[in-house]
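Summary of the model geometry
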Amino acid sequence: MREIPVIRVPAYDLNKRPFLVIWETTRACDLACRHCRAESSPLHDPNALDFDAACNLIDQVGDFGSPRPLFIMTGGDPFKRRDIFDLVSYSSRVGLPAALSPSGTPLLTRENLQRLKDSGGRAISLSVDASTPEIHDDFRQVPGSFDWTIQGWKAARELGLKVQINTTVTRYNLDDLPDMFALVYELGAMTWSAFFLVPTGRGLREDEVSPEDYESVMHFLYDCSKFTPTKTTEGHHFKRVVLQRSVLDARGIPVEEVFQLNDTYWRLKARLDEITRNLPPPSERIRRTPMHVNSAQGFVFISLFGDVNPSGYLPIKAGNVRQTPLKEIYQSSPLFQALRDPDQLKGRCGKCEFRQACGGSRSRAYAMTGDVLAEEPFCSYEPGSFPYPEDVQTLLNRTPVHTASPI
């Protein structure tokens, strides 16, 4: 088999330091998205971490040492904080260049993006949930959001900022995903990240697609990844699919000989084939492979009030940075330690041969069952059913070590 960098891992112990730190700078936002985890409102909460407390949080993130974690300031909309550029500047001065996750509103201007870059920001992530204004604006509940986001996307790239595009997969945009890929390919992005809905905040269970459709979408995303860097959020079983499909590619085995994917996959693939027909041939390898992180395992979320959670979609508090250092919470919290132990996983996840690389969405497990260690409810894979386990292990053994890079 040819060597393929399938699952990236940081060059350090994830029990000791996170790969990614997300800070919810505010819940203020001028959108009213159907799926909003934060249940945002128009005004910034006065009880949020103020400037001095926020700088202290940034220092705590820096206390993990080198290599620095990736540090992303999210929201709500970070541009709704008046001190956001001062915070980005402070973060940059202490050696922790921040990425920002602004909303697609009139605040997403070239001027603000230039100020972000001048303050030391290097990257942004933008949410684009469809290839058309009609679908996107309906999902974001504000007319004009699509156009503001696209204009911001173009301006950010012209200014030299790295851009990640996030697309939440729901019943509203399932069939639009190939055309969303075409938009990402046309405008260019460092990464296309598919967010898999977690029923928390405003997110509703009835807006999710079925487990079988999720499986089809992940195989579709694998096909897309040969043309543009692709990853998932709260879709951890994409790492399993990448491993499995890499084995099939190396053996020259068509996907249909091993997987019984539903009509959704073949419908998405047919449209993708149509879109890519005149593009340069797909890459021989995935250009941006999945990172082996999960809730509390290389990933930590801090709320606007300083509460520390394993993920923004997993609302269980492990501590607060006002009372306990972030480093202590991350390393010593019983919740975090349990989530980092794949042998504590239950159901199919506990039996699965891919549990070390995947682990399932702990956020979705908790949202659906109330148990953070329950099996991933939206994974349809039956453990032990993949016919080439030795090949998978070979790929895992060959997985190279990678250090951190923005987003």
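Check the entry above for the structure.
Notes on the structure follow. What you see is a predicted model, and the numbers here were worked out from it, not measured in a lab.

Counting its secondary structure elements, the protein contains 14 helices and 11 strands. Against the globule reference of 22 Å for 407 residues, the protein gives a C-alpha radius of gyration of 20 Å, in line with a compact fold. Sorting the 407 residues of the protein into buried and exposed places 59% on the buried side. At a minimum sequence separation of 6, the contacts of the protein that also span at least 24 residues come to 75%. When the accessible area of the protein is evaluated, it comes to approximately 16100 Å², of which 46% is carbon and sulfur surface. Here the protein carries 47 positive and 51 negative side-chain charges, and the mean point of each set is 5 Å from the other.

Below, the discussion takes up the pattern of salt bridges. Across all of its chains, the model carries 19 salt bridges by this definition. Notably, a salt bridge pairs aspartate 307 with lysine 317, separated by 3.3 Å at the nearest N-O pair. You can see aspartate 307 sitting in strand β10 (residues 307-309) and its partner lysine 317 sitting in the loop between β10 and β11 (319-320), a full 10 residues away along the chain.

Right, let's get into helix α8 (residues 238-251). Compared with an ideal rise of 1.5 Å per residue, which puts 14 residues at 20 Å, α8 spans 20 Å between its outermost C-alpha atoms and is within 8% of the ideal. Summarising burial for α8: 11 of the 14 residues are buried, a large majority. Where α8 is concerned, the buried positions are Phe238, Lys239, Arg240, Val241, Val242, Leu243, Gln244, Arg245, Ser246, Val247 and Leu248. Looking one or two residues past α8, glycine 252 carries a phi angle of roughly 70°, positive in sign.

Right, let's talk about the packing of aromatic side chains for a bit. Under the defined criterion, the tally for this structure stands at 12 aromatic pairs. Here the aromatic rings of phenylalanine 196 and tyrosine 214 are separated by 4.7 Å at their centres, their planes lie at 75°, and the arrangement is edge-to-face. You can see phenylalanine 196 sitting in strand β6 (residues 191-196) and its partner tyrosine 214 sitting in helix α7 (residues 211-224), a full 18 residues away along the chain. Side by side, phenylalanine 196 and tyrosine 214 carry an identical accessibility label, which is buried.

With that settled, the discussion passes to α7. Here α7 contains 14 residues, and its C-alpha end-to-end distance of 20 Å stays within 8% of the 20 Å for a straight helix at 1.5 Å per residue. Counting buried residues along α7, 13 of its 14 residues qualify, which places the element largely inside the surrounding structure.

Residues Met73, Trp153, Ile165 and Trp192 are the most contacted members of the largest nonpolar core, which totals 111 residues. Here this core gets seven residues from one element, more than from any other, and that element is α7. When residues no more than four places from it in sequence are discounted, the contact partners of tryptophan 192 are Ile165, Thr167, Leu177, Met180, Phe181, Val184, Phe220, Leu221, Cys224, Pro229, Thr230 and Lys231.

This part takes up the environment of glutamate 274. Here glutamate 274 shows up in helix α9 (residues 263-276). Distance from glutamate 274 to proline 178, taken between C-alpha atoms, is 9.4 Å for residues 96 residues apart in sequence. There is a polar contact of 3.0 Å between the side chain of glutamate 274 and the side chain of arginine 271.

Where α7 meets α8, the axes come as close as 10 Å, and the angle between the chain directions of the two elements is 55°. On the basis of the axis angle, α7 is oblique to α8. Remark: the crossing between α7 and α8 carries right-handed chirality. Of the residues in α8, those touching α7 at Glu215, Met218, His219, Leu221, Tyr222 and Asp223 are Phe238, Arg240, Val241, Val242, Arg245, Ser246 and Asp249. Classifying every residue of the contact of α7 with α8 gives six nonpolar, two polar and five charged.

What follows covers the packing of helix α4 (residues 133-140) against helix α5 (residues 145-158). At their nearest, the axes of α4 and α5 sit 8 Å apart, and the two run at 105° to each other. Classified by the angle between their axes, α4 and α5 sit roughly perpendicular to one another. Note on element contacts: α5 touches α4 through Ser145, Phe146, Asp147 and Thr149, opposite Pro133, His136, Asp137 and Arg140. Within the contact of α4 with α5, the residues separate by chemical class into two nonpolar, three polar and three charged.

Attention shifts here to the pairing of strand β2 (residues 70-74). Across the five residues that make up β2, a large majority, five, are buried. Residues of β2 alternate between two faces, with Leu70, Ile72 and Thr74 on one and Phe71 and Met73 on the opposite face, all of them buried. Handedness of the crossover joining β2 and strand β3 (residues 98-100) through helix α2 (residues 84-93) is recorded here as right-handed.

Attention shifts here to the pairing of strand β5 (residues 162-169). Burial of β5 is extensive: seven of the eight residues sit out of reach of the surface. As paired elements, strand β4 (residues 123-127) and β5 share five bridges and run parallel to each other. Paired with isoleucine 124 across the two strands is valine 163, which belongs to β5. Taken together, the six bridges between β5 and β6 define a ladder with parallel strand orientation. Its bridge partner lying in β6, glutamine 164 is registered against threonine 191. Crossover β5 to β6 through helix α6 (residues 177-187) is right-handed.

Reading the values: rules and limits
- Residues numbered from 1 in each chain as written.
- Predicted model: local features only at pLDDT ≥ 70, side-chain atom pairs only at ≥ 80, totals over all residues.
- Heavy atoms only, no water.
- Helix = DSSP H or I, 4+ residues; strand = E, 2+ residues; numbered from the N terminus.
- Rg over C-alpha atoms; globule rule 2.2 N^0.38 Å.
- Buried < 20%, exposed > 50% of the residue type's maximum accessible area, 1.4 Å probe, protein only.
- Contact = heavy atoms within 4.5 Å.
- Areas by Shrake-Rupley, 256 points an atom, 1.4 Å probe, with all protein chains shown as cover.
- Lys, Arg positive; Asp, Glu negative; His and termini not counted.
- Charge placed at Lys NZ, Arg CZ, Asp CG, Glu CD.
- Salt bridge = Lys/Arg side-chain N within 4 Å of Asp/Glu carboxyl O.
- Expected span 1.5 Å × (residues − 1).
- Phe/Tyr/Trp six-rings, centres within 6.5 Å; stacked < 30°, edge-to-face > 60°.
- Core = buried A, V, L, I, M, F, W, Y, C linked by side-chain atoms within 4.5 Å.
- Polar contact = N/O pair within 3.5 Å; in protein donor to acceptor, adjacent residues only side chain to side chain.
- Axes fitted to C-alpha atoms, helices over the stretch in contact; angles between N-to-C directions.
- Parallel < 35°, antiparallel > 145°, perpendicular 65-115°, else oblique.
- Left-handed = near helix turned anticlockwise from the far one by under 90°.
- Nonpolar A, V, L, I, M, F, W, Y, C, P; charged D, E, K, R; others polar.
- Right-handed = clockwise from strand over helix to strand, strands pointing away.
- Pairing = 2+ DSSP bridges.

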